[in-house]
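Structural overview
One letter stands for each residue in the lines below.
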Amino acid sequence: MSRGAFITLEGIEGAGKSTVAQWLGEWLGAHGLIVRLTREPGGTELAERVRRIVLERGREQVSAQAETLLMFAARAIHLDNLIRPALAAGEWVLSDRFTDATRAYQGGGRGVDPQWIDTLAAHVHADLVPTCTLLLDLPVALGLQRARARRGETDRFEAETEAFFERIRAAYLSLARCEPHRFRIIDASAPVAAVREQVAAALAPWLESSRGASR
Ligand code: Z5A
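These lines cover the structure that appears in this document, whether it is placed above or below. (Residues numbered from 1 in each chain as written. Predicted model: local features only at pLDDT ≥ 70, side-chain atom pairs only at ≥ 80, totals over all residues. Heavy atoms only, no water.)

Digging into the site of the ligand
Within the structure, the ligand sits among 26 residues, and Lys17, Ser18, Thr19, Thr102 and Arg150 are positioned closest to it. Residue Ala15 places a main-chain N or O atom 3.3 Å away from an oxygen atom belonging to the ligand. Coverage of the ligand by the protein chains reaches 83% of its 1100 Å² of free accessible surface. Judged by the fraction of its atoms near the pocket grid, the ligand is located in the largest pocket. Elements supplying a minimum of two residues to the shell around the ligand: helix H1 (17-30), helix H2 (45-55), helix H3 (64-88), helix H4 (99-109), helix H6 (140-150) and helix H8 (192-214). (Near = heavy atom within 4 Å. Polar contact = N/O pair within 3.5 Å; in protein donor to acceptor, adjacent residues only side chain to side chain. Areas by Shrake-Rupley, 256 points an atom, 1.4 Å probe, with all protein chains shown as cover. 1 Å grid on protein atoms, 1.4 Å probe; cavity = no way out; pocket = protein on both sides within 12 Å on 5 of 7 lines; lining within 4 Å. Sits in = over half its atoms within 2 Å of the grid points. Helix = DSSP H or I, 4+ residues; strand = E, 2+ residues; numbered from the N terminus.)

Comments concerning the packing of aromatic side chains
The relation between two aromatic rings is expressed through the spacing of the ring centres and the mutual angle of the planes. Taken as a whole and assessed by the stated rule, the structure comprises six aromatic pairs. The interplanar angle of 80° and the centroid separation of 4.9 Å between the aromatic rings of Phe6 and Phe98 together place this pair among those described as edge-to-face. Taken as a pair, Phe6 in strand E1 (residues 5-10) and Phe98 in the loop between strand E3 (92-96) and H4 lie far apart in primary sequence, 92 residues in all. Of the residues examined, Phe6 reaches a relative accessible area of 2% and is grouped as buried. A cation sits over an aromatic face here: Arg75 above Phe98, 5.3 Å from the ring centre. The positively charged end of Arg156 is found above the aromatic ring belonging to Phe157, 5.6 Å away from the centroid. (Phe/Tyr/Trp six-rings, centres within 6.5 Å; stacked < 30°, edge-to-face > 60°. Buried < 20%, exposed > 50% of the residue type's maximum accessible area, 1.4 Å probe, protein only. Lys NZ or Arg CZ within 6 Å of the ring centre and 35° of its normal.)

Following this line, the structure appears as structure tokens:
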């Protein structure tokens, strides 16, 4: 059985994560890997229901603390029902966002205590850290321009200010600096083909070791 890997995609809104995830799933599949494409918040039926609750612009106030707990509630469901079983079966799990999004959005963006986020992460998935995190980095103005060109109704995050997304970008870059062995920073302002090349190069070592394990 080939060894699975847990790849996460991160970045601000409009960075191109969904675009990369779609292509990457096919590219890894063409290399003979079984790939599970998923996202956060969400990924399973129940976690997708939590996603709707956390993204909708309802009348009640949702504090940054409540938002953080909802993210981890969805994550715990996602881990139990999809991520851990898929990894145990030797699959590659490709997740559009994971705990670094909580660190960047709720921590960096909303000012939630980073130690509290780390404590929650330790309780929910002390056993599991992504194999590799691809941080799609680009200027906030470009990300928002791309997202707005495509947008329908705005959710609670999309309605935020440019300053909010600047804090998130800075938080992501700081996380990447703290864990350079796990993060790969991708220049997401480049054209799609160039982004794909960077992603393929970043994942080449893990692809090779997964192949080695199945030989
Ligand atoms: N959130 C949180 O706060 N805390 C958490 O712990 C988690 C999440 C897990 C989820 O919404 C929200 O939840 C998210 C953070 C928060 N909110 N925000 N902002 P989501 O998953 O629906 O939103 P998103 O992650 O920001 O997705 P997005 O806006 O769809 O961005 P994307 O997936 O990175 O981009 P895309 O859809 O691939 O591309 C956007 C457009 O740009 C599209 O028209 C593409 O065709 C185009 N594109 C993509 N790449 C390129 C290149 N290279 N060149 C030119 N054009 C491109």
